[in-house]
Amino acid sequence: MLVTLSGINPAAAAPKDFHVTYKSGSNYAQNYYNVDITGTVTRTGDRYELKGTVKARCIRKQGPDQLWSLAFGSSAESWRYTRGSCTDELTTTAIKETGRLRTDGRVYLQAGAYGGEALGAWGWGTERSVWV
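Residues numbered from 1 in each chain as written. Predicted model: local features only at pLDDT ≥ 70, side-chain atom pairs only at ≥ 80, totals over all residues. Heavy atoms only, no water.

> Help me understand the nonpolar core in this model?
Counting 24 residues, the largest nonpolar core has F18, V35, I37, V41, L50, L70 and L109 as its most contacted members. Broken down by element, this core gets its largest block of residues, five residues, from strand β3 (residues 47–59). Every residue in contact with L70, bar those within four places of it in the chain, is listed here: V20, I37, L50, R80, Y81, T82, I95, L109 and Q110. (Core = buried A, V, L, I, M, F, W, Y, C linked by side-chain atoms within 4.5 Å. Buried < 20%, exposed > 50% of the residue type's maximum accessible area, 1.4 Å probe, protein only. Helix = DSSP H or I, 4+ residues; strand = E, 2+ residues; numbered from the N terminus. Contact = heavy atoms within 4.5 Å.)

> Looking at this model, I keep getting lost on the pairing of strand β2 (residues 32–44). Mind explaining?
The side chains of a regular strand alternate, residue by residue, between the two faces of the sheet. Note: strand β1 (residues 16–24) against β2, nine bridges, orientation antiparallel. Opposite K16, over in β2, you have V41 as the bridge partner. Following β2, the chain reverses through two residues before pairing antiparallel with β3; G45 in that reversal takes a positive phi of roughly 65°. (Pairing = 2+ DSSP bridges.)

> Would you take a moment to explain the side chain of S74 for this structure?
Relative to the helices and strands, S74 is located in strand β4 (residues 67–74). Not counting residues within four places of it along the chain, the set of residues in contact with S74 comprises Y48, R100, L101, R106, V107 and Y108.

Written as structure tokens, this is what we have:
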């Protein structure tokens, strides 16, 4: 039996685009973070596929090595993370992740970066939800 929500068949919902960012630091005299992640979430039955592109640049004046991160999950699972090195060169990285969905089809997404002046800490930017 297939249930339809608001006239949309959840097994065939349209893919949804997303855009999340994290920016911190106002100049290159201090640690600076610029993480920009765009992509698409697609539903296939009770699973989703997330494909996207990460553009990241971080200036490290002091402190630990810097990382970019995409936090993601659905209402059927806990937050998960994909991450990579963030350096003073603009890098572009392709990402692809999959996960489980509930019938609501909600997927959460948030961009972030790791670094700091002495001890490291995570900073998190925009959080978005898409329904597929």
